[in-house]
Amino acid sequence: MGKNDCDEDAKDETLEHEDARDEEGDEYNEEGDERDEEDDEYDEEDDERDEDDDERDEDDDERDEEDDERDEEDDGHDEEDDGHDEDDDERDEDDDERDEEDDERDEEDDERDEEDDERDEEDDERDEEDDERDEEDDERDEEDDEHDEEDDERDEEDDERDEEDDERDEDDDERDEEDDERDEEDDERDEDDDERDEDDDERDEEDDERDEEDDERDEEDDERDEEDDERDEEDDERDEEDERDEDDDRDTGAGTTYTDQFFVLSSVERGETAEVFEMDLVDRNNDGDFDKHDDDSIDGQDIKSSYDDTTVTIETADDGQITYTGAMLKLDDGRWVFTPTDGQVLQSGSLVSASRSSGHKSPLYAEDLGPVCFTPGTLIQTTQGLRPVEALRPGELILTRDHGPQPLLGLCRERFTALGAAAPVLIRKGALGNDADLIVSQQHRMLICDWRAELYCGAPEVLVAARHLVDGGAISLLPGGMVDYLHLRFTGHEIVTAAGIPSESLFPEFAALVDARSPRAALARPTLRSYEGAALAA
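Just so you know, the residues in each chain are numbered from 1, in the order the chain's sequence is written. It should be noted that, the model being predicted, local features are given only for residues of pLDDT at least 70 and side-chain atom pairs only at 80 or more, the latter also being counted only at that level, while totals for whole chains, interfaces and linings use all residues. The side-chain figures draw on all heavy atoms in the structure; neither hydrogens nor water molecules are used.

The numbering of helices and of strands both runs from the N terminus, where a helix is a DSSP run of H or I of at least 4 residues and a strand a run of E of at least 2. Looking only at helices and strands, the protein has six helices and 22 strands in total. Three exposure classes are used, based on accessible area relative to the maximum for each residue type with a 1.4 Å probe and protein chains only: buried under 20%, partly exposed in between, and exposed over 50%. Across the 538 residues of the protein, 35% fall into the buried class. Considering only residue pairs separated by 6 or more positions, the protein has 62% of its internal contacts joining residues 24 or more positions apart. As presented, the protein carries roughly 31700 Å² of accessible surface, and 37% of it is formed by carbon and sulfur atoms. Throughout, a contact is declared for two residues whenever any of their heavy atoms are within 4.5 Å. Each accessible area is a Shrake-Rupley estimate made with a 1.4 Å probe; only the visible protein chains count as cover when residues are assessed.

On to the nonpolar core, then. Buried Ala, Val, Leu, Ile, Met, Phe, Trp, Tyr and Cys residues that are joined via side-chain atoms within 4.5 Å together make up what is termed a nonpolar core. Core analysis: the largest hydrophobic core is formed by 26 residues, its most contacted members being F374, I427, L432 and L438. Put simply, the parts of the chain that give this core at least two residues each are β15 (425-427), β16 (438-440), β17 (445-448), β18 (462-465), β20 (482-489) and β21 (495-498). Counting 16 residues, the second-largest nonpolar core is a separate cluster that includes M279, I298, A327 and L369.

Before going further, it helps to spend a moment on the environment of S348. Relative to the assigned elements, S348 resides in the loop between β7 (336-340) and β8 (349-356). On the accessibility criterion, S348 (44% relative accessible area) is partly exposed. Excluding its chain neighbours within four sequence positions, the residues that come into contact with S348 are F263, A274, E275, V276, I314 and T316. Definition of a polar contact: a pair of N or O atoms within 3.5 Å, with one able to donate and the other able to accept a hydrogen when the atoms are protein atoms, and with sequence-neighbouring residues admitted only if both atoms are side-chain atoms. Among the polar contacts made by the side chain of S348, one reaches the main-chain amide nitrogen of V276 at a distance of 3.4 Å.

Quick look at the sheet that holds strand β19 (residues 475-477) now. Spatially, three strands are ordered β16-β15-β19 in an open sheet, and the strand pairing comes out antiparallel. Pairing within the sheet leaves two strands with one partner each, and these edge strands are β16 and β19. Direction aside, the axes of adjacent strands within the sheet are offset by 20 degrees on average. Pairing between β15 and β16: three bridges, direction antiparallel. Across the sheet, residue L426 finds its bridge partner in β16, namely I439. Two strands qualify as a pair provided that DSSP identifies no fewer than 2 bridges between them. Axes, fitted as lines to C-alpha atoms, cover a helix only where it is in contact. Angles between the N-to-C directions of the axes lie from 0 to 180 degrees.

Attention now moves to the pattern of salt bridges. Whenever Lys or Arg places a side-chain nitrogen within 4 Å of a carboxyl oxygen from Asp or Glu, that contact is recorded as a salt bridge. Tallying each qualifying case throughout the model produces 24 salt bridges. Of the charged contacts, one joins D179 and R182 as a salt bridge, the two residues approaching to 2.9 Å between their closest N and O atoms. Separated by three residues within a single helix, D179 and R182 lie in helix α3 (residues 89-241), roughly one turn from each other. Salt-bridge contacts for D484 lead to R415; the nearest nitrogen and oxygen are separated by 2.7 Å. Highlighted residues: D484 in strand β20 and R415 in strand β14 (residues 410-417), separated in sequence by 69 residues.

Structure representation (structure tokens):
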């Protein structure tokens, strides 16, 4: 084979190589166009591109590797071209042209590579954005997880609340059952109340019948009062006929004035306020009693009528109901006044009832005035020794003559103007065997248990009101100023030791027994009248 043939063969091979390179360039350009189309699709479909970025990166890497291989092949071709240039200038020129073309293609390839790199950078940016989105999604997922945990906690709390609500519902059901039982009990009580109401209605009818009977009795009492008025008129006539007595009355002047405690009532109806007042009583003819005759008066008003056997019950705020026995008098100005003759100290309250055991009028006696009381400083014998009367308290054990230690029920203290029946009596030390001076109210009764009781009364022991023992010497009245009276209350009538000698306590339930004239008087020891006491003290 000649040289020309070899050269032509080499040219043919070169041309074939160039054609191959052209074809490869065309294929590459076509691949670039496809990539451009793909990039446009990527731009339009960002969401899809984000998912396929990794695949594209791998494709780009493969393309880069292919480009590198092509570059290596081009380099190999360049070396071959250099060898051919040495042999053939034409081939060199052709090769130069081809090299220029190849360079242009390389530049284009480089541009494409740059574009690919830009796309890669864009893809990387997109990847970074995707990573940021992924991080944001992860953060959102974490927040969602936290929210889910909080929701779970809330669900647990809701479950606990539901359990508590269920327990409350059970408790409510139990309460409802209890309420139903109570309703049944209330219904039973209502039935019982209805029966009681029927009984009360029957009682009301009975009370109405009794009221009618009481009205009839009141009419009878009015008739008796008219008879008494007639008798009073006859007495008035007798008084007028007794001119000598009238002259004696005039000689007595203003009479004797006493001071005592009174309830003042505008009526004797239930609920009427019963207030306590001190008022003066004037015994105009000094006959020792107070009634409608002889111009006797109370608080400056003539006495219109008097009833000495009256029981008054009041309701007090502190001690509940208290019953007094004494005299009820009606004054000329229409007021009703009541003073106790049972030795008690009055307390203000509201009137519960006022009644008298008989329908006959009788006077109030001077010797019945005043309470049965000790004064402060009196020493009382207790299980704890001697104690001042004002220091005693309910429940303390007091030594009694008849029943040993007895609990004190109560201690009442009141202040009076020390005049008239309220003036105290001083029993000087030794006068009755007492080991100290003793000051008591006039109505307070002392137990006399020596030869005088046997001599004058034929009894080993007798009770005598302090006022009846007054002799003007060792035993005397102490009028003037104010005096505090204290009385002791037991479950029964008791004899206590005061200043070393025995004397009585107050027992309201036996109030009627204080009056020696009462047919109910039944104390274990005799009670002396005024003239008997005076004889004993003489």
